[in-house]
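Working through the structure, step by step
Single-letter residue listing:
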Amino acid sequence: MAADALVVLDHVDKWFGELHVLQDINLTVRRGEVVVVIGPSGSGKSTLCRAINRLETVDSGTITLDGQPLPQEGKALAELRSDVGMVFQSFNLFAHKTVLENVTLGPIKVRKTGRQDAEQRAMELLRRVGVDSQAGKYPAQLSGGQQQRVAIARALAMDPKVMLFDEPTSALDPEMIKEVLDVMVDLAQRGMTMIVVTHEMGFARTAADRVLFMSDGVVVEENTPDEFFSNPRTDRARDFLGKILKH
C-alpha cells in the first residue's frame, strides 16, 4: 500500500435492515487528493461519507485513517473525529454561540489550544472563507452561504487530515452555492485531502482528481473528471450524466 494513502476502505459492507447500502467498497484516498462522489439519490454516497467518520458503523471490512483502524468508541474515537473534518448539508452550528465561539470551541476543548491562539487562528480562517466581519454574530443572523462557510472554517480550525463534505450546497439558494464552492476549490488548490459528495458537476470537473460514480451501494465507475464526463464507460453512468447534463 502506498505510503501516501490516507483513507483506505477495504471490502466495506453496510446494511440497513434488508438494504445493502454499501457493497464491497474498496477505496484508497491519497494525501492531498480530492475525490468527488456522485450518483443518484439513495446510492450510498452519504453513508460512505459518514462511515469514514464512524457516524455510521460498517458491518464488515475495514476503514483506516493514516494507517490506523477507526476506533470503536470513547476517547480514541473523539480524537479520530478531530482528524476528520466534516461539513454537512445542514450547517450544524451551535445557535447560542457566536460565529467566533463556534470556530474556537473545538480547538479549545479538544486540542487544548489557549483561547487567544484559538481566536487568532479562527479569525484567520474566517477571513479566508470571507466571513471575518460576521465573527460577533449568531448563526441565525447569517445567510445559509455564510453559515456553511463558518462550518468549513470550524472544521479547518481542528487542522484535520482529511475533510469530508456531504452535499454541502444542497440546502443553499443558487446564488449562495458559488460562494461555498469557491471556498472548497481554494481548499483543494491548497492541497487539502477531500472527499466530497455533491450534485455540483462543475465542482467535480474543476476540483476533483478523481470522480467516483455510485449506484445502489456499488462504486460503478471511477476515473479522472475529464475521462468520466467525456467518456463514461458504463451505461449506468452514461444514463445518469445524460439526465443531469441536459438541463
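These numbers come from a predicted model, not from an experiment.

Parameters at a glance
Residues numbered from 1 in each chain as written. Predicted model: local features only at pLDDT ≥ 70, side-chain atom pairs only at ≥ 80, totals over all residues. Heavy atoms only, no water. Pairing = 2+ DSSP bridges. Helix = DSSP H or I, 4+ residues; strand = E, 2+ residues; numbered from the N terminus. Contact = heavy atoms within 4.5 Å. Axes fitted to C-alpha atoms, helices over the stretch in contact; angles between N-to-C directions. Phe/Tyr/Trp six-rings, centres within 6.5 Å; stacked < 30°, edge-to-face > 60°. Buried < 20%, exposed > 50% of the residue type's maximum accessible area, 1.4 Å probe, protein only. Polar contact = N/O pair within 3.5 Å; in protein donor to acceptor, adjacent residues only side chain to side chain. 1 Å grid on protein atoms, 1.4 Å probe; cavity = no way out; pocket = protein on both sides within 12 Å on 5 of 7 lines; lining within 4 Å. Points joined across faces, edges and corners; volume = space filled by probe spheres on them. Nonpolar A, V, L, I, M, F, W, Y, C, P; charged D, E, K, R; others polar. Salt bridge = Lys/Arg side-chain N within 4 Å of Asp/Glu carboxyl O. Parallel < 35°, antiparallel > 145°, perpendicular 65-115°, else oblique. Left-handed = near helix turned anticlockwise from the far one by under 90°.

All right, on to the sheet that holds strand β5 (residues 68-69) then. The strands making up a sheet are joined through hydrogen bonds of the backbone, oriented either antiparallel or parallel. Judged by pairing direction, the sheet is antiparallel, and its four strands sit side by side in the order β2-β1-β4-β5 without closing on themselves. This sheet does not close on itself; its edge strands, each paired only once, are β2 (19-30) and β5. Contacts from helix α1 (residues 45-52) reach β1 (5-16), β2 and β4 (60-65) within the one sheet, and its direction differs from that of β1 by about 120°.

Across all of its chains, the model carries three aromatic pairs by this definition. Consider the rings of Phe-213 and Phe-240, whose centres lie 5.2 Å apart with planes at 45°: the pair is tilted. Taken together, the residues span a long stretch of sequence, with Phe-213 in strand β9 (residues 210-215) and Phe-240 in helix α9 (residues 235-245) at a distance of 27 residues. Judged by its relative accessible area of 0%, Phe-213 falls in the buried class.

A few words now on the environment of Asp-159. With respect to the helices and strands, Asp-159 occurs in the loop between α5 (144-156) and β7 (162-166). Taking the C-alpha atoms as reference, Asp-159 lies 8.2 Å from Gly-85; in sequence the two are 74 residues apart. Beyond its immediate stretch of four places on either side in the chain, Asp-159 contacts Arg-111 and Arg-121. Within the structure, the side chain of Asp-159 is placed 3.1 Å from the side chain of Arg-121, a separation counted as a polar contact.

Another aspect to go through is the layout of surface pockets. Approximately 520 Å³ is the volume found for the largest pocket. Along its surface, the largest pocket is lined by 21 residues, and Arg-81, Met-86, Arg-154, Ala-155 and Met-158 are the ones closest to its centre. The set of elements that each furnish at least two residues to the lining of the largest pocket consists of α2 (74-83), β6 (84-87), α3 (99-109) and α5. For the lining of the largest pocket, the element with the most residues is α3, which contributes six residues. The residue makeup of the lining of the largest pocket, split by class, is twelve nonpolar, six polar and three charged.

Let us now look at the pattern of salt bridges. A complete count under the given rule lists 20 salt bridges for this structure. Ionic pairing is found between Glu-179 and Arg-149, a salt bridge with its closest N-O pair at 2.9 Å. Note that Glu-179 is positioned in helix α6 (residues 174-189) and Arg-149 in helix α5, a separation of 30 residues in sequence. A salt bridge links Lys-243 to Asp-239; the nearest nitrogen and oxygen atoms lie 3.1 Å apart. In this pair, Lys-243 and Asp-239 both sit in helix α9, four residues apart, roughly one turn of the helix. On the basis of relative accessibility, which here comes to 37%, the residue Asp-239 falls in the partly exposed class.

The next thing to look at is the packing of helix α4 (residues 115-128) against α5. Axis angle and axis distance: for two packed helices, these are the angle between their axes and the distance between the axes, and together they describe the pair. Following both chains from N to C, one finds α4 and α5 inclined at 140°, their axes separated by 9 Å at the closest point. As summarised for this structure, α4 and α5 are arranged oblique, according to the angle between their axes. At the point where α4 passes α5, the crossing takes the right-handed sense. Across from Arg-121, Leu-125, Leu-126 and Arg-128 in α4, the residues of α5 making contact are Val-150, Ala-153 and Leu-156.

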